[in-house]
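Listed below, chain by chain, are the residues.
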Amino acid sequence: MLCSRFDVADIIAKRDWASLREAMSGLRVPDIADLLADLDEPNRVLLFRSLPRKTAADVFAELEKEDRDALLLELTGEETRHLMANIRPDDRTELLEELPGRVTQRLMNLLSPEDLKEARELLGYPEESIGRLMTPDYVAIRPDWTVAQAVEHIRKKGKDSETIDAVYVTDRAWKLIGVLSLRQIVLAPRDEKVVNIMRTQVVSLPAAEDREAAARTMERYDLFVLPVVDSDGVLVGIVTGDDIFEVAREEATEDFHKGAAVTPLKTGFGEAGIGLLFKSRIGWLIMLILVDLLSAATMARFENVIAQVMPLVFFIPLLIGCAGNAGSQSSTLVVRELALGQVDTSDWLELVIKEMGISAALGLTISLAVWGPAVLRGGSGVGIVVALSATAIVMIGSVVGMAAPFLLNKMGFDPAAASSPLITSIADVAGVLVYFTVAVKVLKL
């Protein structure tokens, strides 16, 4: 039999907690939630506190947003901590996503390390975002405080903070308005107002920003701590240098793997199993074989040319090697620039034109180096073919190596996927086609 809000209010007024718990034990979670929402503020809190922790968490998840927000304001910090620990991860995520930034920050501070990690993963921030990386453990002070008040606050809160090298200044709504170094605070007069010594030009990033942006920003401005804000400018966390160092190491490892046509490993080589290592490499190798088969098919088309001028075969490895090496060089350079944020997709045309000039000079130099051996091996005709092909092939390989990372970046893929083996294989196909086409034209075959 369902209890009415009047029955519950009467039981609460008598302070008969045993009867209240017995009455609630016979109700389903949605019914308790409806009952809770109908009660006035004092009785609502008392009823909620009488529920077992797990039941309370389930009931809380059933409440409408307005009722949840109101209840959170009425609970103590310890009660909220127990609530957040017992609420289901998906319900916790939904709650944290809907709350204002300053309330989210408060609730995240109440979570255990395990729950905090889980909350970050489910909070809605993109997988590679700063929101997944940040910590809510920081020290914030108010602009109207004196230095003495700030120091006292730092002493109380500093032991639980990730770092106190930077102390942030927020208004009553937790919006970030300034920053102070610990050195500034220590050296300032005790009666000086924080607002008079804080720096208002604070470098910060949104929580949804990519974590590589945090690394670039901290490097550019020589920061050890970077504040993270929500869309309203509310301070929700900080990212520290050790976190960014870990990010940089992971990104560098990932780029090394991709540059060698290996699917990035989430564990060390020594710890990875044989099956994982096999799967990380076989896909790329199969794909590269398919590309290389195009080279074989191209050579088969020029079987008659090869039969008539056999010395042409001797220079195939040399020329396609030049194409792959030139492409790998230009690809490596542009991937690195994209990773550091020194260039973006809009710069592709300017850089490709620049690379065409550089590669033309490289190709001409290489053509001079190979012309002599080609003449000695196959005569003047073969020498001309090899020299012209060398120039064209080096230019093609370089331009492909330069353009491929930009194309991948534009398509939303990691530019590092324009790996050396991939560029080499593509350049091989183009090189073989150019080489025999030039041979046909020059030698009139």
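As the structure is a computational prediction, the values presented were derived from the model and not from experiment.

1. What about the pattern of salt bridges?
In step 1: Applying the stated criterion across every chain, the model contains two salt bridges.
In step 2: One salt bridge connects R172 with D144, and the closest N-O pair in it is separated by 3.5 Å. Taken together, the residues R172 in the loop between β2 (166-170) and β3 (176-181) and D144 in the loop between β1 (140-141) and α11 (147-157) connect sequence positions 28 residues apart.
In step 3: Relative accessible area serves as the criterion here: at 60%, R172 is assigned to the exposed category.
In step 4: Residues R155 and E152 are paired through a salt bridge, measuring 3.9 Å at the closest nitrogen-oxygen approach. Of this pair, R155 and E152 are both found in helix α11, three residues apart, which corresponds to roughly one turn of the helix.
In step 5: On the accessibility criterion, R155 (61% relative accessible area) is exposed.

2. A word on the sheet that holds strand β5 (residues 225-229)
In step 1: With mixed pairing, the three strands of this open sheet are ordered in space as β4-β5-β6. Edge positions in the sheet fall to β4 (205-206) and β6 (235-240), since each has one partner strand and no second.
In step 2: Strands in contact with helix α14 (residues 211-220) are β4, β5 and β6; relative to β5, the strand with the most contacts, it is inclined by about 135°.

3. Here's the deal with unusual backbone geometry
In step 1: Even without a glycine there, the phi angle at W174 is positive, about 70°.
In step 2: With respect to the secondary-structure elements, W174 resides in the loop between β2 and β3.
In step 3: W174 gets classed as partly exposed once you look at its relative accessible area, which sits at 23%.
In step 4: Unlike most non-glycine residues, D222 shows phi in positive territory, near 55°.

4. Focus: α14
Since one α-helical turn is 3.6 residues long, residues separated by three or four positions face the same way.
In step 1: Turning to α14, its buried residues number three or more, namely R211, A213, A214, T217 and M218. All buried residues of α14 lie within an arc of 145° about the axis, which places them on one face of the element. When the buried face of α14 is taken as reference, the exposed residues oriented beyond 90 degrees from it are E219 and R220.
In step 2: Near the N-terminus of α14, the side chain that reaches the backbone nitrogen of E212, with its oxygen 2.8 Å away, is that of D210.
In step 3: In the segment just after α14, D222 is the residue with positive phi, at about 55°.

5. Digging into the packing of aromatic side chains
In step 1: Counted under the stated rule, the structure contains four aromatic pairs.
In step 2: Ring geometry for Y435 against F436: centres 5.2 Å apart, planes inclined by 50°, an arrangement best described as tilted.
In step 3: A relative accessible area of 1% places F436 in the buried class.
In step 4: Here a set of aromatic residues connected by ring pairs shows up, and it is made of F302, Y435 and F436.
In step 5: Residue placement shows R142 over the ring face of W174; its charged tip is 5.0 Å from the ring centre.

6. A closer look at the pairing of β3
In step 1: Two elements, β2 and β3, share five bridges in a ladder whose sense is antiparallel. Looking at β3, one finds that A166 is bridged to S181.
In step 2: The turn linking β2 back onto β3 is made up of five residues, and W174 within it adopts a positive phi angle of 70°.

7. Here we look at the nonpolar core
In step 1: Core analysis: the biggest nonpolar cluster contains 32 residues, and V8, M24, L47, F48, F60 and L71 have the highest contact counts within it.
In step 2: Contributing elements (two or more residues each) for this core: α1 (5-13), α2 (17-25), α3 (29-38), α4 (41-50), α5 (53-62), α6 (65-74), α7 (77-86) and α9 (101-109).
In step 3: The contacts of L47, once residues within four sequence positions are left out, are V8, I12, L20, M24, L36 and L39.

Parameters at a glance
- Residues numbered from 1 in each chain as written.
- Predicted model: local features only at pLDDT ≥ 70, side-chain atom pairs only at ≥ 80, totals over all residues.
- Heavy atoms only, no water.
- Salt bridge = Lys/Arg side-chain N within 4 Å of Asp/Glu carboxyl O.
- Helix = DSSP H or I, 4+ residues; strand = E, 2+ residues; numbered from the N terminus.
- Buried < 20%, exposed > 50% of the residue type's maximum accessible area, 1.4 Å probe, protein only.
- Pairing = 2+ DSSP bridges.
- Contact = heavy atoms within 4.5 Å.
- Axes fitted to C-alpha atoms, helices over the stretch in contact; angles between N-to-C directions.
- Arc of directions from axis to C-beta.
- Polar contact = N/O pair within 3.5 Å; in protein donor to acceptor, adjacent residues only side chain to side chain.
- Phe/Tyr/Trp six-rings, centres within 6.5 Å; stacked < 30°, edge-to-face > 60°.
- Lys NZ or Arg CZ within 6 Å of the ring centre and 35° of its normal.
- Core = buried A, V, L, I, M, F, W, Y, C linked by side-chain atoms within 4.5 Å.

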